[in-house]
Structures are given as C-alpha cells and as structure tokens.
Amino acid sequence: MPLSEQEQRLLDEMERHLLHNDADVVSAPSGDRALSYRNLVYGALLLLVGIGGLIAGVIVGDVWGIIIGVVAFAAMLGGVMLAVTPVRRPTPAVPRDGVKKKPQQQSSASFMDRMNDRWDRRQDGH
C-alpha cells in the first residue's frame, strides 16, 4: 500500500532529522583518548599467557604451583588493564602563523565517514 503525500513528507522529514542527529552523535568528539588496537592485542595475548600459567600452576601443585598461579593471575590482570586502558590521541600540529588549514580527506577515513560524506553531498545537491 503506497504512502499518502503527507505520510511520505513526514517520513522524509523524520529521515532528515535522524540523519542530522545521528551524524552529530557519530562525529561528536569523544575526548583525546581512545582504545588502541595494539594494546588490545597485547592485552589479549597477556591474558591468554596468564590463563596458561594458571593451568600450569594447578597441574604443578605444591608451593611452586601457588607461585606460578599468583604470577599468572598478575599477568591476566595486567593483560586486562593493558587492553582497556585508553591511550592519548595525537593532537594535530597548528602552524606557526596560527591559521589552521582545512584538513585533506585521508584515504584512511572509515567506511561510514565516507558514506556519510557522500550522503551529505547528495542531499546538498552537489
């Protein structure tokens, strides 16, 4: 069943509103700290080493098993802390004359950023 003209207009208005609000949320600065992919990988590896050490400590038993277990637990805790600790993002350098140049679009922009840019250009009629 096709939409009436008023329903179609209302739907278009809701889409524009959603697109505008969604773009604001996505492009909102989240501070100068973000999770690092490298830290996530190293943290996960350290966590796996800790789990392996904990299993080895249970197998060994004795006092050495307790020592190995404590060290393995510390490794697991360190891995989790490394994985979830945000790193400081590099701040863009400001030229000496104090004028910021318009940043060029990088080829490393995310897929969603490129799609949002294309959508904005299409909506503006360019």
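Residues numbered from 1 in each chain as written. Predicted model: local features only at pLDDT ≥ 70, side-chain atom pairs only at ≥ 80, totals over all residues. Heavy atoms only, no water.

Some remarks on the overall build of the protein
Stated precisely, the cut-off is as follows: Helix and strand assignments come from DSSP, with helices taken as H or I runs of at least 4 residues and strands as E runs of at least 2, each series counted from the N terminus. Two residues form a contact once any of their heavy atoms are found within 4.5 Å.
Each helix and strand counted, the protein has four helices and two strands in total. For the protein, the N- to C-terminal ordering of α and β elements is α-β-α-α-β-α. Taking as baseline every contact in the protein between residues at least 6 positions apart, the subset at least 24 positions apart corresponds to 72%.

Observations regarding unusual backbone geometry
Where we set the bar: Categorising residues by exposure relies on relative accessible area from a 1.4 Å probe, with only protein chains included: less than 20% of the type maximum marks a residue as buried, more than 50% marks it as exposed, and the intermediate range marks it as partly exposed.
Phi is positive for aspartate 62, which is not a glycine, with a value near 55 degrees. Inspection of the secondary structure assignment puts aspartate 62 in helix α3 (residues 62-84). Accessibility expressed as a relative area gives 65% for aspartate 62, which makes it exposed.

Let's talk about the side chain of asparagine 39
Following the sequence through the fold, asparagine 39 ends up in helix α2 (residues 37-60). When residues no more than four places from it in sequence are discounted, the contact partners of asparagine 39 are Leu82, Ala83, Thr85 and Val87.

Regarding the packing of α2 against α3
Quick reminder of the rule: All axes here are fitted lines through C-alpha atoms, helices being fitted over the stretch that makes contact, and every angle between N-to-C directions spans 0 to 180 degrees. Roughly parallel refers to an angle under 35 degrees, roughly antiparallel to one over 145, roughly perpendicular to one between 65 and 115, and oblique to any angle outside these ranges. Helix crossings fall into two classes, left-handed where the near helix is turned counterclockwise from the far one by less than a right angle and right-handed where it is turned clockwise. Residue polarity is assigned by list, with Asp, Glu, Lys and Arg as charged and Ala, Val, Leu, Ile, Met, Phe, Trp, Tyr, Cys and Pro as nonpolar; anything else, Gly included, falls into the polar class.
With their axes 7 Å apart at the nearest point, α2 and α3 run at an angle of 165 degrees to one another. Taken together, the axis directions place α2 and α3 in an arrangement best described as roughly antiparallel. As for the relative orientation of α2 and α3, their crossing is left-handed in sense. When its residues are assigned to classes, the contact of α2 with α3 shows 15 nonpolar, nine polar and one charged.

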